[in-house]
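# Understanding the architecture of this molecule
Listed here are the chains, written in short residue letters.
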Amino acid sequence: MNASDGIFTRLMLRNETLTILLAVIVAVVASVLSPGFADPQFLLFSATFFAEYGLVALVMTMLIISGEIDLSVASQMALSACTFGICIEGGVPVAVAIPLTLLAGAAMGAFNALVIVRLGLPALIVTIGTLTLYRGLAQVLLGDRSVTQFPEWWYGIDYATVLGLPVSLWVYFAGLALAAAVLHFSRTGRRIYQIGVNRSAASKVGVPAARVRGGLYVATGLVCAIAGLMTSSRLGAVRYDLATGGELQVVVIAVLGGAAITGGTGSILGAFAAFWLLVLIQTAMVLENIGAEIQLSVVGGLLIASLAIPKLVQAVANRRDRARAETQLDAGSNRKAQS
Amino acid sequence: MSDTRKQEIGLMLSIVLIFGLAALVDARAATLDTFIIWGFAMPLVMVAAMGQIPVLLCGHVDISIGSLLALSAILVGMLFRAWPEMPLVLGFLAGTCIGALLGVINGFLVTRLRIHSIIVTLGTLSLFRGLTFIVSDSRQIDPNDLPGELIALSQVGGLGVPPIMIVVAVIVAAMFVLIHRSGIGGLFYAVGANEFAARMRGIATDRMVLLAFVLSGALVGLTGVLFASRFGYVNPAATGSGFELQVISAAVVGGVSIAGGRGSVIGCALGVMLIAAIEVIMPKIGISRVWQDVVFGLIVLAALGIDRAIQTRGGRKTQQGDAA
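Owing to the predicted nature of the structure, the values given are computational and were not obtained by experimental measurement. (Residues numbered from 1 in each chain as written. Chains lettered and ligands numbered in written order. Predicted model: local features only at pLDDT ≥ 70, side-chain atom pairs only at ≥ 80, totals over all residues.)

A count of helical and extended segments in chain A gives 14 helices and two strands. Along the three orthogonal principal directions, the C-alpha set of chain A runs to about 95 × 55 × 35 Å. Look at the contacts in chain A between residues 6 or more apart in sequence, and 79% of them connect residues 24 or more apart. (Helix = DSSP H or I, 4+ residues; strand = E, 2+ residues; numbered from the N terminus. Contact = placed C-beta atoms within 7 Å.)

In terms of regular secondary structure, chain B is built from 15 helices and zero strands. The C-alpha atoms of chain B give a radius of gyration of 20 Å, which matches the 20 Å a tight globule of 324 residues would have. Along the longest, intermediate and shortest principal axes, the C-alpha atoms of chain B span 55 × 55 × 35 Å. Within chain B, the fraction of its 324 residues that count as buried is 52%. A sequence separation of at least 24 residues applies to 79% of the contacts in chain B between residues at least 6 apart. (Rg over C-alpha atoms; globule rule 2.2 N^0.38 Å. Buried ≥ 20, exposed ≤ 12 C-beta atoms within 10 Å, placed from the backbone.)

Attention shifts here to the confidence of the model for chain A. Overall, the prediction assigns chain A a mean pLDDT of 88, with 94% of residues at 70 or greater. When pLDDT is averaged over each helix and strand of chain A, the minimum, 68, is found for helix 1 (residues 7–12) of chain A and the maximum, 97, for helix 4 (residues 51–65) of chain A. (pLDDT = per-residue confidence, 0-100.)

Right, let's get into the nonpolar core. Counting residues in hydrophobic clusters, the biggest one holds 210 residues, and the most contacted among them are Val56, Ile253 and Leu277 of chain A together with Val272 of chain B. With 15 residues, helix 11 (residues 205–231) of chain B is the largest single contributor of residues to this core. Other than its neighbours up to four places away in sequence, Ile253 of chain A contacts Tyr53, Gly54, Ala57, Ala271, Ala274, Phe275 and Leu278 of chain A. (Core = buried A, V, L, I, M, F, W, Y, C linked by C-beta atoms within 7 Å.)

Let us look at unusual backbone geometry. Phi is positive for Leu163 of chain A, close to 55°, though the residue is something other than glycine. Its location among the elements puts Leu163 of chain A in the loop between strand 1 (161–162) and strand 2 (165–166). Here Asp137 of chain B, not a glycine, exhibits a phi torsion of approximately 55°, which is positive.

As a further point, take the interface of chain B and chain A. At the junction of the two partners, chain B supplies 39 residues and chain A supplies 38 residues. Of all the secondary structure elements, the ones that give two or more residues to the side of chain B that touches chain A are helix 6 (117–136), helix 12 (243–253) and helix 14 (292–314) of chain B. In terms of residue count, helix 6 of chain B provides more of the side of chain B that touches chain A than any other element does, 14 residues in total. For the side of chain B that touches chain A, a count of residues per class yields 26 nonpolar, nine polar and four charged. (Nonpolar A, V, L, I, M, F, W, Y, C, P; charged D, E, K, R; others polar.)

Residues and elements named next belong to chain A. Relative to each other, helix 9 (residues 187–197) and helix 11 (residues 209–235) sit at 105°, their axes nearing to 10 Å. It follows that helix 9 is roughly perpendicular to helix 11 by the angle criterion. On helix 11, the residues that touch Thr188, Arg191, Ile192 and Ile195 of helix 9 are Ala209, Val212 and Arg213. Of the residues in the contact of helix 9 with helix 11, the class split is four nonpolar, one polar and two charged. (Axes fitted to C-alpha atoms, helices over the stretch in contact; angles between N-to-C directions. Parallel < 35°, antiparallel > 145°, perpendicular 65-115°, else oblique.)

Quick look at the packing of helix 4 of chain A against helix 12 (residues 246–256) of chain A now. Residue and element names in this part refer to chain A. Two elements in contact, helix 4 and helix 12, have axes whose closest approach is 8 Å; the angle formed by their N-to-C orientations is 60°. In terms of axis orientation, helix 4 runs oblique to helix 12. The crossing of helix 4 and helix 12 is right-handed. Here Tyr53, Gly54, Val56, Ala57, Met60, Thr61 and Ile64 of helix 4 lie close against helix 12, whose contacting residues are Gly246, Gln249, Val250, Val251, Ile253 and Ala254. (Left-handed = near helix turned anticlockwise from the far one by under 90°.)

Let's shift gears to the environment of Val156 of chain B. Relative to the assigned elements, Val156 of chain B resides in the loop between helix 7 (148–152) and helix 8 (163–180). When the C-alpha positions of Val156 of chain B and Ile36 of chain B are compared, they lie 9.9 Å apart, and in sequence the two are 120 residues distant.

Turning our eyes to something else, we now look at helix 13 (residues 265–284) of chain B. Because each turn of an α-helix spans 3.6 residues, side chains separated by three or four positions end up pointing in the same direction. Residues and elements named next belong to chain B. Here helix 13 spans 29 Å end to end across 20 residues, near enough to the 28 Å set by a 1.5 Å rise per residue. When you tally the buried positions in helix 13, you get 16 out of 20 residues, the bulk of the element. Positive phi appears at Gly286, one or two residues downstream of helix 13, with a value of about 85°. (Expected span 1.5 Å × (residues − 1).)

With that settled, consider the environment of Ala193 of chain B. Residues and elements named next belong to chain B. Its place among the elements puts Ala193 in helix 9 (residues 183–193). For Ala193, a count of 22 C-beta atoms within 10 Å gives the class buried. Residues Ala193 and Leu57, spaced 136 residues apart in sequence, show a C-alpha to C-alpha distance of 8.1 Å.

Dropping the structure here:
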């Protein structure tokens, strides 16, 4: 990107712009195709299906900005939810089971942090390992059973509304506000960007990189536990295979939102826009009777397209700049030849 | 002795140790029967892991392989359904070509658009899975859609071993020659060890990365046909789901470094054998299946720890030793 680029090029180079644009297009197309689509109440309710992933994607965005990644998030959700399930089954009151579950989530995050930050092993493969490990532990805890004997009031976080907004979305918006405050208006947030741009340089100027990175993994575990609890309430049942494959959705939201896997770029606004893009697109496809598997394909294609388009715009802009520079050069040499 | 050689010996000892322990716990566990089951547990992961070697050596990773396998397998299955007399060789060829073509897509996106391979293949993982449903109209390929000879390949025939094993052995040998005995192999190491230096030395790094993804795609496409042979069906949802984790774990356990530039074909093959041995032995010595994933997760973490220990101790000497 350089200063001579037009506003259009500069906007198109930001991943957030494209995501917001796509969301608007999807909304317009879907409202034309299906008359029932443009109903805010219906859309808000549809969003509750994705609220848990959206919530986890907020911390994932921060992780990716700092140059890290955690593929074990869906397994952490499952193991937390199973911890909650086994507590409830054992007669532990909900008021005690919830802190225990949060503790379990934080412990899983702390384990990831220990292996990745303290031992210095690559996050991608470590979290593929813990993805298997945590899912396996969930299976050890519950086997093939599912726990459903929650107290009556626990069910239906997606149906219960406060001031017209489903409780799931209240939790999501609270997380959104908190994440935006941390990432964009706090010292920790600036440190996250600094570490993502250049970790060793950041360390040299006194940024406690290990503490920030470790803290992010623990925060991820904690948020996964909250998401696991929300899922248990929404589904009304807990099994070891809860949220299987959810890591894809979470990473897609973060990356669609403009978080670059190489670290240093991304924003909460982007993650928010990407969340709604996914909600709109998947809801629209459900209304058009498009199966879940084909939706998956579209999400994958979208991920690639959202990454490819800014690169293509950049390439076109570069070529144009080069062409302009060459014509100027030619003009200059012509003048010289004439004089 | 190079560190790679030590790692290979360590893996071999681990496999012997596992069977030895199993025999101590329960004498019935270490019978010929167990070895046969062990043999059957390997072929698919083995072929796909061979394909993953050049990709990992280049410092990349291909996590789309589970869906790539399903898409190739379902297309070949549909070919057999439409044309039952199709020669088997053509089926294998078709699978390999389809896989290679899908590999070109991955490689192209990684090299031309400079998008990180994790993200590209995460995208194509879901893209290919969706395509599998679209092309097959969500219909499974049933055993009676597949020729009997294809399924016979995975059964013990007149040779005493299933013919599929010979295919696997040939592929491992071919990959060994390509990586360790040909000029091309060294280039993969060079790209992974230091891409900038490799480019300065005049290596067409992008072309090597593209080639790595095509090789991975081709071998996984072949694995798709082997899947149809082994299980006798191809299901658009279940086939190959989670396969990428098995393959990458096996390669990492076999000492192929995720950071690129380090690893060997023999080590990788031993990694596949070790994981298969654990998978087979656990139920035999009374460890419930529910513990399987926990054990696998811990093994991957342990393998990473060992890899790092070698890296910090050997430093740059190791990389030079391996490339030579």
